[in-house]
Amino acid sequence: MYSEWAKDEIHIDGLEIFAHHGVYPEETRDGQNFYVNGVLYLDTHGAGGTDALAHTVDYGEVCHFVDGWMKENTCLLLEAVAEKLSAAILLRYTSISALDLEIVKPNAPIGLPFQGVSVKVHRGWHRVYLGIGSNMGNRETYMENGLKALESHPMIVMGRASEWIVTKAYGGVEQEDFLNGVLEIETLLGPEALLEVLHEIEAAAGRERTVHWGPRTLDLDILFYDKLCYESEDLIIPHPDLENREFVLKPLCTIAPFLRHPATGKTMQALLGDLG
């Protein structure tokens, strides 16, 4: 799964598979040949040192897995084949941190001379830190249910979790104290897709976005996503103003004190110390 050191590569080139994918009915009915090219990123130090297959991924087994998946499933678009197959591989073989996957369609119905069309994607595991909090009703129940919803998501694997701490509300709105914590997860979801999942979990808990910094049944925030600095209309990573929020830094320091802020380079322990 996620590893900053998983930079070694195993290449699979030109794996030929007869399968039934395509927009046109005759493609899904009659089938055609596809070629799959892949680069598997993992750490091969253990296998190189021990000469043991158990410390790497069996590329022959991966090839048979890809062949079986391609034959057992049907997609209209190459984009869908690449997206779904890459997720299936990463979920099946946890030693693979990331992969490049190319699906080549040499006999696409184009009606012009060509050598082939293909879709290539890069997908992998990402380490994410989430803030979790609640200050309405049974706070513990809301947070535990949120935790269970994350655990049940097929694209999320739970990591470390801080203890819950009680803190005063942040932002100047008069309200009940919060119960706060921090979660570490690994996920195949991109930042925006992960945000959608978090909003769905909040909505299931009855979260209403009526007052900025107001009370909430469940609050889930993306604090860090790998070492990404990212901004869109709906999302900013790392979470803005994080360095001023003791209710985030204190629980975060219990599970990742030496995690560095990608913009400032300061550790979470140092940021917490700066608050005095």
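Structure first, text after, so check above.
Anyway, here's the lowdown on the structure attached to this text.

## Examining the packing of aromatic side chains
Phase 1: One pass over the structure, following the stated rule, counts one aromatic pair.
Phase 2: Note on F65 and Y93: the rings are 5.7 Å apart at their centroids and 90° apart in plane angle, and the pair reads as edge-to-face. Here the residue F65 occupies a position in helix 3 (residues 59-72), and Y93 occupies one in the loop between helix 4 (78-92) and strand 3 (98-105), the gap between them amounting to 28 residues.
Phase 3: F65 gets classed as partly exposed once you look at its relative accessible area, which sits at 23%.
Phase 4: Since its relative accessible area comes to 7%, Y93 is described here as buried.
Phase 5: Looking at R92, its charged tip hangs above the ring of Y93, at a distance of 4.7 Å from the centre.

## Observations regarding unusual backbone geometry
The general pattern is negative phi for most residues beyond glycine and trans for most peptide bonds.
Phase 1: With an omega of -5°, the peptide bond running from I237 to P238 counts as cis.
Phase 2: Summarising the element assignment, P238 is placed in the loop between strand 11 (236-237) and helix 7 (246-255).
Phase 3: Positive phi outside glycine occurs at D226, with the angle close to 50°.
Phase 4: Note that D226 resides in the loop between strand 9 (219-225) and strand 10 (230-231).
Phase 5: Judged by its relative accessible area of 22%, D226 falls in the partly exposed class.
Phase 6: In this structure, D241 takes a positive phi of about 70° despite not being glycine.
Phase 7: The class of D241 is partly exposed, set by a relative accessible area of 25%.

## What about the sheet that holds strand 3?
Phase 1: Ordered by their spatial adjacency, four strands build an open sheet running 1-2-3-4, and the pairing between neighbours is antiparallel. Every interior strand has two partners, whereas the edge strands, strand 1 (8-19) and strand 4 (117-124), have only one. The sheet shows a mean angle of 15° between the axes of neighbouring strands, direction not considered.
Phase 2: With seven bridges joining them, strand 2 (residues 32-42) and strand 3 adopt antiparallel strand pairing. Each residue of the ladder has a partner; that of V36, found in strand 3, is I103.
Phase 3: Packing of helix 3 onto the sheet brings it into contact with strand 1, strand 2 and strand 3, and relative to strand 1 it is tilted by some 35°.
Phase 4: Of the strands in this sheet, strand 2, strand 3 and strand 4 are in contact with helix 4, which crosses strand 3 at around 145°.

## Topic: the layout of surface pockets
Rolled over the atoms, a probe as big as a water molecule pinpoints where empty space is left.
Phase 1: A volume near 250 Å³ is recorded for the second largest pocket.
Phase 2: What lines the second largest pocket is a set of 13 residues, among which S3, K7, S97, A98 and H122 lie closest to the centre.
Phase 3: Within the lining of the second largest pocket, the residues separate by chemical class into five nonpolar, five polar and three charged.

## Quick notes on helix 4
Along an α-helix, residues three or four positions apart point the same way, because every turn accommodates 3.6 residues.
Phase 1: Taking 1.5 Å per residue as the helical rise, helix 4 with its 15 residues ought to reach 21 Å, and the 21 Å between its terminal C-alpha atoms agrees with that figure.
Phase 2: If you check which residues of helix 4 are buried, you get L78, V81, A82, L85, S86, A87, A88, I89 and L90.
Phase 3: Where helix 4 is buried, its residues meet strand 2, helix 3, strand 3 and strand 4.

## Examining empty space enclosed by the protein
Phase 1: Summed over the entire model, instances satisfying the criterion amount to one cavity of 30 Å³ or more.
Phase 2: Taken as a whole, the largest cavity holds about 80 Å³ of empty space.
Phase 3: Forming the walls of the largest cavity are 13 residues, and the residues nearest its centre are I12, V36, G38, V66 and L101.
Phase 4: Looking at the lining of the largest cavity, the elements with two or more residues in it are strand 1, strand 2, helix 3 and strand 3.
Phase 5: The dominant element in the lining of the largest cavity, judged by the number of residues it contributes, is strand 2, at four residues.
Phase 6: Here the lining of the largest cavity is composed, by residue class, of ten nonpolar, two polar and one charged.

Procedures and definitions
- Residues numbered from 1 in each chain as written.
- Predicted model: local features only at pLDDT ≥ 70, side-chain atom pairs only at ≥ 80, totals over all residues.
- Heavy atoms only, no water.
- Phe/Tyr/Trp six-rings, centres within 6.5 Å; stacked < 30°, edge-to-face > 60°.
- Helix = DSSP H or I, 4+ residues; strand = E, 2+ residues; numbered from the N terminus.
- Buried < 20%, exposed > 50% of the residue type's maximum accessible area, 1.4 Å probe, protein only.
- Lys NZ or Arg CZ within 6 Å of the ring centre and 35° of its normal.
- Pairing = 2+ DSSP bridges.
- Axes fitted to C-alpha atoms, helices over the stretch in contact; angles between N-to-C directions.
- Contact = heavy atoms within 4.5 Å.
- 1 Å grid on protein atoms, 1.4 Å probe; cavity = no way out; pocket = protein on both sides within 12 Å on 5 of 7 lines; lining within 4 Å.
- Points joined across faces, edges and corners; volume = space filled by probe spheres on them.
- Nonpolar A, V, L, I, M, F, W, Y, C, P; charged D, E, K, R; others polar.
- Expected span 1.5 Å × (residues − 1).

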